[in-house]
Amino acid sequence: MKREEKSKGSANRTIEEGQHQSLTVIGEEDRIVLIEWLNAAVGTKSYERVSKLIRNIRAADAAVDSALRDRVFIHVGRAGDIIPAEKRRRRREVDKLLLPVSRAFAEYLFHPRLTCILFDKRRWWFDLFGESVRSDYKFTRPNGRRVYEADAVFGVLRLASYRSLDRIRECLTCQKWLYAHPSHKKFCNSACQLKYFASNPSQKEKRAAYMRRYRIDQKEKMERALPVARQPRTPSTVRP
Ligand SMILES: [Zn+2]
């Protein structure tokens, strides 16, 4: 009953009324902390919940992208015109994928806190702290800070809000989680990359063929450009 009252109350709050924080309170980046937590938590219930959440947000994201490309949410016509059945189906599909994302956070509780630090210039230290959940996986970072499932979830929320969640992915060879920087990165290290291409020769051949074509194109471009660059300049007007 209490929970229902609470969720009803938060449903009345507009997006402008929400709190947003770009980093953890001590400035740790999600792309590091979340990756560490995911790799340490593999095989636990906490991991199942968080990785499912990441998959669900990604699936909804992809469906929204594709629906926007196909102008599913735009209907040009006179008032009262019926929206084509295919468009309605696609809209329902997107709603269905957004639903588990909006429901996933009901179990997580975050509390605002204002701590008075006596010998600090800043004095008041604001943060939101997550409560421990059932079968929580707590990971201790090398600096001693504990990361709970709620903290990993907060990282997912932040990365999703910056549209960076698709950069959190698993290495194609060893399935370890990594943060893709640059965005096309698919392996946790060069050893995994070499291993992947060694066991997938077709991928290696494709890449080699692409590089051969690329080098030929570059050479042709240079050969076309050089004679133009070497041509002596002719005056545009000849004075008597
Ligand atoms: Zn790897």
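Note that the coordinates shown come from a computational prediction; the quantities given were computed from them, not determined experimentally.

### With respect to the overall build of the protein chain
- Counting secondary structure elements, the protein chain contains seven helices and six strands.
- The order of α-helices and β-strands along the protein chain, N terminus first, is α-α-α-α-β-β-β-β-α-β-β-α-α.
- Within the protein chain, buried positions represent 15% of all 240 residues.
- Look at the contacts in the protein chain between residues 6 or more apart in sequence, and 47% of them connect residues 24 or more apart.

### Focus: helix α3 (residues 45-69)
- Its 25 residues give α3 an end-to-end C-alpha distance of 36 Å, which sits within 8% of 36 Å, the value for a rise of 1.5 Å per residue.
- Of the residues making up α3, those classed as buried are S46, R49, V50, L53, I54, I57 and A60.
- Buried residues belonging to α3 abut α2 (30-41), α4 (85-103), α5 (149-161) and β5 (168-170).
- At the C-terminal side of α3, R71 shows a positive phi close to 50 degrees.

### Comments concerning the nonpolar core
- Judged by nonpolar contacts, the single largest core of 26 residues is most densely connected at L34, W37 and V156.
- The set of elements that each furnish at least two residues to this core consists of α2, α3, α5 and β6 (177-179).
- What L34 contacts, discounting residues up to four positions off in sequence, is A152, G155, V156 and I168.

### What to know about the packing of α2 against α5
- At a closest axis distance of 9 Å, the pairing of α2 and α5 adopts a crossing angle of 135 degrees. Between α2 and α5, the angle falls in the class oblique. As for the relative orientation of α2 and α5, their crossing is left-handed in sense. Of the residues in α5, those in contact with D30, V33, L34 and W37 of α2 are A152, G155, V156, R158 and L159.
- Looking at the contact of α2 with α5 residue by residue, the classes come out as six nonpolar, one polar and two charged.

### Brief notes about unusual backbone geometry
- With an omega of 5 degrees, the peptide bond between H181 and P182 qualifies as cis.
- Summarising the element assignment, P182 is placed in the loop between β6 and α6 (190-199).
- Its identity is not glycine, yet R123 carries a phi of approximately 65 degrees, on the positive side.
- With respect to the helices, strands and loops of the structure, R123 is situated in the loop between β1 (110-116) and β2 (124-130).
- Given 10 C-beta atoms within 10 Å, R123 falls into the exposed group.
- You will see that S135, though not glycine, has its phi angle at about 45 degrees, which is positive.
- Turning to its location among the elements, S135 is positioned in the loop between β2 and β3 (139-140).
- Note on S135: 11 C-beta atoms within 10 Å, which makes it exposed.

Conventions and cut-offs
- Residues numbered from 1 in each chain as written.
- Predicted model: local features only at pLDDT ≥ 70, side-chain atom pairs only at ≥ 80, totals over all residues.
- Helix = DSSP H or I, 4+ residues; strand = E, 2+ residues; numbered from the N terminus.
- Buried ≥ 20, exposed ≤ 12 C-beta atoms within 10 Å, placed from the backbone.
- Contact = placed C-beta atoms within 7 Å.
- Expected span 1.5 Å × (residues − 1).
- Core = buried A, V, L, I, M, F, W, Y, C linked by C-beta atoms within 7 Å.
- Axes fitted to C-alpha atoms, helices over the stretch in contact; angles between N-to-C directions.
- Parallel < 35°, antiparallel > 145°, perpendicular 65-115°, else oblique.
- Left-handed = near helix turned anticlockwise from the far one by under 90°.
- Nonpolar A, V, L, I, M, F, W, Y, C, P; charged D, E, K, R; others polar.

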